Amino acid sequence: MKENILIVEDEFIVANDLRIMLQKAGYKVCGIAPSVAKAIDLIKAKNPDWVLLDIFLQGTKTGIDLANQLSEMGIPFIYISANTNQAILEAAKATEPYGFLVKPFREKDLVVMLDIALYRHQQSRKFNQPKEATLREQIEQIAAKTDSKDEKLKQVATALQSIIPFNCLNINKNEASIESEQVYLIKNTLNIFQVLSLNAALDVTGVSHRNYRSWRSSPQDTGNQFYNNFEFRRLKMDSLWLKALSDHYKYQSALCYDIRLESGYVYKLTFLSTGLDSYNKLQLDLLQKNAPAFNQLISDILLKNDAEVKQVRTARVSPAPVAAVSTHQSFNGIIGESPLLKAVFNKINIVAPDETSVLIMGESGTGKERIAQTIHKLSPRKNKLLVTVNCAALPINLIESELFGHEKGAFTGATEKRTGKFEQADGGTIFLDEIGELPLEAQVKLLRVLQEKEIERLGGNYTKKVNVRIIAATNRNLEKEVAEGRFRLDLYYRLNVFPIELPSLRQRKEDIPILANYFLDRFIKKTNKNVTGISGEAMLTLMDYDWPGNIRELEHLIERSILMATGDFIENIEMAKLPSAGTFQVQEGYRVRTMEEMEREHILEILKLCKGKIYGEGGAAEMLNIPSTTLNSKIKKLGIKYEYVK
Ligand SMILES: Nc1ncnc2c1ncn2[C@@H]1O[C@H](COP(=O)(O)OP(=O)(O)OP(=O)(O)O)[C@@H](O)[C@H]1O
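Here the structure is a predicted model, which is why all the values come from computation and not from measurement. (Residues numbered from 1 in each chain as written. Predicted model: local features only at pLDDT ≥ 70, side-chain atom pairs only at ≥ 80, totals over all residues. Heavy atoms only, no water.)

Details of the UniProt feature "modified residue: 4-aspartylphosphate" (unreviewed entry) in the protein
Here is step 1 of the chain: Cross-referencing UniProt, the feature "modified residue: 4-aspartylphosphate" (unreviewed entry) maps to Asp54 in the present numbering.
Here is step 2 of the chain: Along the chain, aspartate 54 turns up in the loop between β3 (50-53) and α3 (63-73).
Here is step 3 of the chain: Apart from the residues lying within four places of it in its own chain, the contact partners of aspartate 54 are Val8, Glu9, Asp10, Gly63, Ile80, Ser81 and Lys103. (UniProt positions renumbered as here; feature names shortened; annotations may be inferred. Helix = DSSP H or I, 4+ residues; strand = E, 2+ residues; numbered from the N terminus. Contact = heavy atoms within 4.5 Å.)

This is the structure:
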């Protein structure tokens, strides 16, 4: 039995057409609502599994207002609207729908959109549940320990990082006087959490008790809300204490959430981050879902011990020389302990045992391939092959034959039958690196492998079932590739079921010492140099750099520095010079575009500019100065479709 769907649409004819299409596709339609109020009534009465909703409806409320309520109720939804105004699309996108279908649409588009949406929803349900349970369990375990309250709070702060990254968390009883419970969990430059009482925080920031008391009277009604960038600056104007704290520690965004205890007391959680744009609605939803865990944190840890919170002063410590040691704490060979990386480990643990496709996103050199290897190693497929394909390195005319194989005589030069990478990976995993470089024709075939689990060799007229898990990686923004017609939307949705975003090295600088130490240890074993460590000064140089080449750059730099070192320690670090403007450099991993690709991009750009018009005055043919018949045949040959131009 297919899902029960509610249609929220004020145009009766459109709603009725939709109903007929859905029923034909086997779905049950539990009602049609022309307004948000009616939709809420129907949701209560009929309990739909999904909602299809238009944006502009009868009454004052829009589909976007309803979408926010649907998220709170945990009901997935898809927009169906004729509206393509950018600002409205942005607002709709922020509600995180499972899809957006632009009217008018074909019946086939609706069915495909729903099919993909259902699939993604099933997957996200599967992966979200254990995450919520984990935080509750973790806090339960920490609360049960015999450690001191400060120690427990530090452990909680670390555990929380996988859900909400922050540099400071303030837990504060509403309407608290200066003596009452409030605590600051502050991450210092060495990535260690410190527990500060209010008095200690005042001390560190140099704010007097008198000032604080007078500032406290200023309105603090932050509610459940996030404040990035400009909003954060405005928030600071409302609370001078927040301003003093944030200016001292350089916080630039906040996420506020109120927790009501059974006793009726309300505690305010304020997460602060040094990032400009660190918080979003998704994290507010996560806080809401994890409210019982925070309740427990306050009741079972914060309020358990009435003794004064020990004052710990922050101090900027210059790192001591780091000596190379041969034992490294690692997560299956992935070095690093930053909360951002730990969040990645958490995701790997969740997804590795599953069959789901994984999409790893991150800048070049952040370790995407290493993550793929670890997922394979921790999966039930570990005893089978992990086949790696670098899509960017394949010659464009051989990509399909490389991936799917070919029969003898399939094309000129195909003198032998060839088994493709997918067949080689049968039973195991295929890692498709730089997936954003895959041409559209190969994308269609890849989609087929994902949907039907079968491949077709070039020149073969039969299909073959394959059982392959797909891990893909990209350093491109695939959403942008989709928007520009270079990447198929349906393939993107299929691949993006379980995204893992790898932070750049500059986002997790606290990992630099441990990584540098790891590479140092690895390389000194290979040389006969007597280098035993990195000086504190040299380490500061490493910490101050921005690392455009990420871990790969650090790895090469340490190798070079060992060779250059003259004493026991690496004292001098010579950072690579960035190419000066105007110098053309082919970076590692960069693929030179073929003439055909450049031509395709150029034509697409002009077509967009002419809004798809080919012939006549102001048409693309005129702009490109070629006959429209030539342009037409190029469009066909290059596989440019009308929908890419819109
Ligand atoms: N966390 C880590 N611990 C230790 N070494 C790492 C880690 N991450 C990456 N490396 C090393 O850094 C180098 C670059 O990593 P990798 O090739 O996985 O990056 P990538 O993101 O796939 O790069 P590209 O996008 O250029 O393909 C490799 O030598 C890898 O072994």
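So much for the structure itself; the text now carries on.
Overview of the pairing of strand β7 (residues 182-187)
Here is step 1 of the chain: Most of β7 is tucked away: 6 of the 6 residues are buried.
Here is step 2 of the chain: Here β7 shows two buried faces, one formed by Gln182, Tyr184 and Ile186 and the other by Val183, Leu185 and Lys187.
Here is step 3 of the chain: The pairing of strand β6 (residues 168-173) with β7 spans 5 bridges and is antiparallel. Bridge assignment links asparagine 170 to a residue of β7, and that residue is tyrosine 184. (Buried < 20%, exposed > 50% of the residue type's maximum accessible area, 1.4 Å probe, protein only. Pairing = 2+ DSSP bridges.)

So, the environment of tyrosine 98
Here is step 1 of the chain: Position of tyrosine 98 among the secondary structure elements: in the loop between α4 (86-94) and β5 (100-102).
Here is step 2 of the chain: Between the alpha carbons of tyrosine 98 and tyrosine 119 there is a distance of 10.0 Å; along the sequence they are 21 residues apart.
Here is step 3 of the chain: Excluding anything up to four places from it in sequence, tyrosine 98 contacts Trp50, Pro76, Phe77, Ile78, Met113, Ala117, Arg120, His121, Ser124 and Tyr493.

Some points on the sheet that holds strand β16 (residues 386-390)
Here is step 1 of the chain: A sheet is described by the order of its strands in space; here 5 strands give the open sequence β16-β17-β20-β15-β21, paired in parallel fashion. At either margin of the open sheet sits one strand with a lone partner, and together these are β16 and β21 (499-501). For this sheet, the mean angle separating the axes of adjacent strands, direction not counted, is 20°.
Here is step 2 of the chain: In this structure, strand β17 (residues 429-433) lies alongside strand β20 (residues 469-474), joined through 4 bridges in parallel fashion. Its bridge partner being in β20, phenylalanine 431 is matched across the sheet by isoleucine 471.
Here is step 3 of the chain: Relative to β21, helix α13 (residues 339-351) is tilted by about 160°, and along the sheet it contacts β15 (358-361), β20 and β21. (Axes fitted to C-alpha atoms, helices over the stretch in contact; angles between N-to-C directions.)

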